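What follows is the residue order along each chain.
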Amino acid sequence: MKINYNDRLTKCKPSKIREFNEKAREMGAKYFLTLGEPDFDTPDSIKDALLNSIKKNHTRYAPTVGVSSLRNKVCKFENRVNKVSYQADEVLITSGSTEALTACLFTILNEDDEVIVPIPCYALYEPVISFCNAKFIALDTRPTFQIETNKLANLITKKTKAILLTSPNNPTGTIYDNQTLENIYQLVKGTNILVICDNCYDQLIYGKRELGFSKYQDIKDQIVVCQSFSKPYAMTGWRLGYMLGNKELCQKVSIIHQYMVVCVNTFVQDAGIAALDYEPKEMISIYEKRRDYVYERLIKMGFDVIKPNGAFYLFPSIKKFNMSSFDFCYKLVEKKKVAFIPGDCFMADDYIRISYCVDDNTIKIAMNLLEEFVQEINY
Ligand SMILES: Cc1ncc(COP(=O)(O)O)c(C=O)c1O
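Residues numbered from 1 in each chain as written. Predicted model: local features only at pLDDT ≥ 70, side-chain atom pairs only at ≥ 80, totals over all residues. Heavy atoms only, no water.

1. Notes on the overall build of the protein
For clarity, the cut-off: Numbering goes from the N terminus for both helices and strands, where a helix is a DSSP run of H or I of at least four residues and a strand is a run of E of at least two. Each radius of gyration reported is based on C-alpha atoms, and the globular scaling rule is 2.2 Å times the count of residues to the power 0.38. Using the Shrake-Rupley algorithm and a 1.4 Å probe, accessible areas are obtained, with residue cover drawn only from the displayed protein chains.
Of regular secondary structure, the protein possesses 12 helices and 12 strands. Radius of gyration (C-alpha) of the protein: 21 Å, near the 21 Å computed for a compact globule of 379 residues. For the protein, the spread of C-alpha atoms along the principal axes amounts to about 60 × 60 × 55 Å. Looking at the protein as shown, the accessible area adds up to about 17,100 Å², and 49% of this sits on carbon and sulfur atoms.

Take a look at the structure:
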């Protein structure tokens, strides 16, 4: 029998990142600086909270929108850390920020709606937007990785439904500066354009932490925040996140959330409360040292690379090597057993992404081998 699959699924290709990672493994790669996954264990206070919750038999369905204790905690956390004011009914607890982003896009997008996305960007956005039969409008930020207001203004049309901001960014680690945020605010204020903030990395900032786009509380109804517990608290496998938006939007998004997942695991939500009390300072200072180390090594090797102030990635240009990012990365695996992610996975074929969320020794060996590789290839 032949299954006639959903037509829109044909537009939706599986993640090239995972595909490349698997291929690199098959090719015998030994040093992986590929996935965006903290190498730390989840802190004990969070694990203990989960065990306590299970012992108390918090093992039944939770409310679709999330347990009220976590939603209230999220409001307090957002108020303390981001100086924003949300009520519990403006919070939806989701299965990671992946679900928050996907459910939100499914909820708001109609055919031919346009979503402006600064590229290079995280690999989820384009397939999900295409799945909705909406249009992914790329705003190229190379080589500074900051958003140029004129370029953004030129892309805005009557069909623009949303602008998607990821700051700190995956893959570049870039944080949008205050002037950029102000310019975007001025552009969208008074329009029907939503600003979706993927704040997955906004606890992982080196140096002074400035407030993100959600600080523009006078246009709060236009702002949707998608947040994740995965990266700051080393909880990738727990699948916990949340969405902040106005009450009506939260209710609409919860319809899709209900039919897809019913609710997030009750005891995981209880542990989320403990996570929001955890300060990831130690992890941040380790990431910062690694960032400095990798950056300095890349500069010494002659790479053209920006030193970003957030997330745990560096995104050097490989333009001068005159090969595609896949060629570069495959050759590196083949010759040196080191795996990075080709920039093409983020719509920037002239770059590679190096994740430094692995142990110091692996980073050092990978940098030594990259140095050898660069000296050996002719360009
Ligand atoms: C920019 C960005 N958004 C969202 C996610 C998804 O995170 P989660 O584990 O919360 O689904 C990731 C994961 O790598 C990411 O890099």
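There's plenty left to go through after this.
2. Observations regarding unusual backbone geometry
Geometrically, the link from Ile-119 to Pro-120 is a cis peptide bond, its omega value of 5° lying close to zero. Mapping Pro-120 onto the fold places it in the loop between β3 (114-119) and α5 (125-131). Omega for the peptide link from Asn-170 to Pro-171 comes to 20°, which places this bond in the cis form. Here Pro-171 shows up in the loop between β5 (160-166) and α7 (178-188). The residue Asn-57 is not glycine, and still its phi comes out positive at about 60°. Residue placement: Asn-57 occurs in the loop between α2 (44-55) and α3 (68-82).

3. As for the site of the ligand
For clarity, the threshold we go by: In these notes, residues near a molecule or strand are those with any non-hydrogen atom within 4 Å of it. Pairs of N or O atoms are called polar contacts if they sit within 3.5 Å, as long as, within protein, a hydrogen donor faces a hydrogen acceptor (for residues adjacent in sequence, only side-chain-to-side-chain pairs). The method works on a 1 Å grid over the protein atoms by themselves. A cavity is a set of points holding a 1.4 Å probe that cannot get out, a pocket is an open set with protein on both sides within 12 Å along at least five of seven lines, and residues with an atom within 4 Å of a point line them. Occupancy of a cavity or pocket is assigned to a molecule whenever over half of its atoms lie within 2 Å of that pocket's grid points. Lys, Arg, Asp and Glu make up the charged group, whereas Ala, Val, Leu, Ile, Met, Phe, Trp, Tyr, Cys and Pro make up the nonpolar group; the residues left over, Gly among them, are polar.
Near the ligand you find 15 residues, and of these Thr-98, Asp-198, Ser-228, Ser-230 and Lys-231 are the closest. A distance of 2.7 Å separates an oxygen atom of the ligand from a polar backbone atom of Ser-97. One of the side-chain nitrogen or oxygen atoms of Asn-170 is found 2.8 Å away from an oxygen atom of the ligand. Protein chains bury 93% of the 390 Å² of accessible surface belonging to the ligand in isolation. Among the detected pockets, the ligand sits in the largest pocket. Among the residues forming the shell around the ligand, the class breakdown is five nonpolar, seven polar and three charged.

4. Observations concerning the sheet that holds strand β6 (residues 194-198)
As a reminder, the rule being used: Strand pairing is defined by DSSP finding a minimum of two bridges between the two strands. In this description, a line fitted to the C-alpha atoms serves as the axis of each element, helices being fitted only across the stretch in contact, and the angle between N-to-C directions of two axes falls anywhere from 0 to 180 degrees.
Strand order in the open sheet made by the seven strands is β2-β8-β7-β6-β5-β3-β4, with mixed pairing throughout. Each edge of the open sheet is held by one strand with a lone partner, namely β2 (91-94) and β4 (135-140). On average, each strand axis in the sheet is inclined to that of its neighbour by 20°, with strand direction left out of account. Bridge analysis of strand β7 (residues 223-228) against strand β8 (residues 241-244) gives four bridges, and the strand direction is antiparallel. The residue bridging Cys-226 from the neighbouring strand is Met-243, located in β8.

5. Section: the packing of helix α4 (residues 96-108) against helix α8 (residues 247-261)
Going by this rule: In this scheme, roughly parallel covers angles under 35 degrees and roughly antiparallel covers those over 145, while 65 to 115 is roughly perpendicular and the rest are oblique. Here a crossing is called left-handed whenever its near helix is offset anticlockwise from the far helix by less than a right angle, and right-handed whenever the offset is clockwise. Here, residues are in contact when the closest pair of their heavy atoms is within 4.5 Å.
For the pair α4 and α8, the least separation of the axes is 9 Å and the interaxial angle reads 115°. Relative to α8, the element α4 lies roughly perpendicular. The hand of the α4/α8 crossing is right-handed. In this structure, α4 contributes Glu-99, Ala-103, Cys-104, Phe-106, Thr-107 and Ile-108 to the contact, and α8 contributes Leu-249, Lys-252, Val-253, Ile-256, His-257 and Val-261.

6. Topic: empty space enclosed by the protein
For clarity, the cut-off: Grid points are joined across faces, edges and corners, and a volume is the space filled by probe spheres set on the points.
A complete count under the given rule lists one cavity of 30 Å³ or more for this structure. As for the largest cavity, its lining consists of Phe-77, Gln-203, Gln-227, Ser-228, Phe-229, Pro-232, Tyr-233, Tyr-242 and Leu-276. Considering only residue class, the lining of the largest cavity consists of six nonpolar, three polar and no charged.

7. Topic: the environment of Leu-109
Note the following rule: Exposure classes here rest on a 1.4 Å probe applied to the protein chains alone. A residue is buried below 20% of its type maximum, exposed above 50%, and partly exposed in between.
In this structure, Leu-109 sits in the loop between α4 and β3. Taking relative accessible area as the criterion, Leu-109 reaches 7% and is therefore assigned buried. Setting aside residues up to four positions removed in sequence, Leu-109 forms contacts with Val-115, Ile-129, Cys-132, Ala-134 and Lys-161.

8. Considering the sheet that holds strand β12 (residues 352-355)
The antiparallel open sheet is built from three strands, whose spatial order is β9-β12-β11. The outermost strands of the open sheet, each flanked by one partner alone, are β9 (313-314) and β11 (341-342). For β9 and β12, the ladder comprises two bridges, and the chain directions are antiparallel. Residue pairing for β12: Tyr-313 is matched across the bridge by Ser-355.

9. Points about the pattern of salt bridges
Our working rule: Put simply, a salt bridge is a Lys or Arg side-chain nitrogen that is within 4 Å of an Asp or Glu carboxyl oxygen.
What the rule picks out here adds up to 22 salt bridges. Between Lys-189 and Asp-218 there is a salt bridge, with the nearest N and O atoms lying 3.9 Å from each other. Of this pair, Lys-189 sits in the loop between α7 and β6 while Asp-218 is found in the loop between β6 and β7, placing the two residues 29 residues apart along the sequence. The residue Glu-371 makes a salt bridge to Arg-297 at a minimum N-O spacing of 2.8 Å. Here the residue Glu-371 occupies a position in helix α12 (residues 360-376), and Arg-297 occupies one in helix α10 (residues 281-301), the gap between them amounting to 74 residues.

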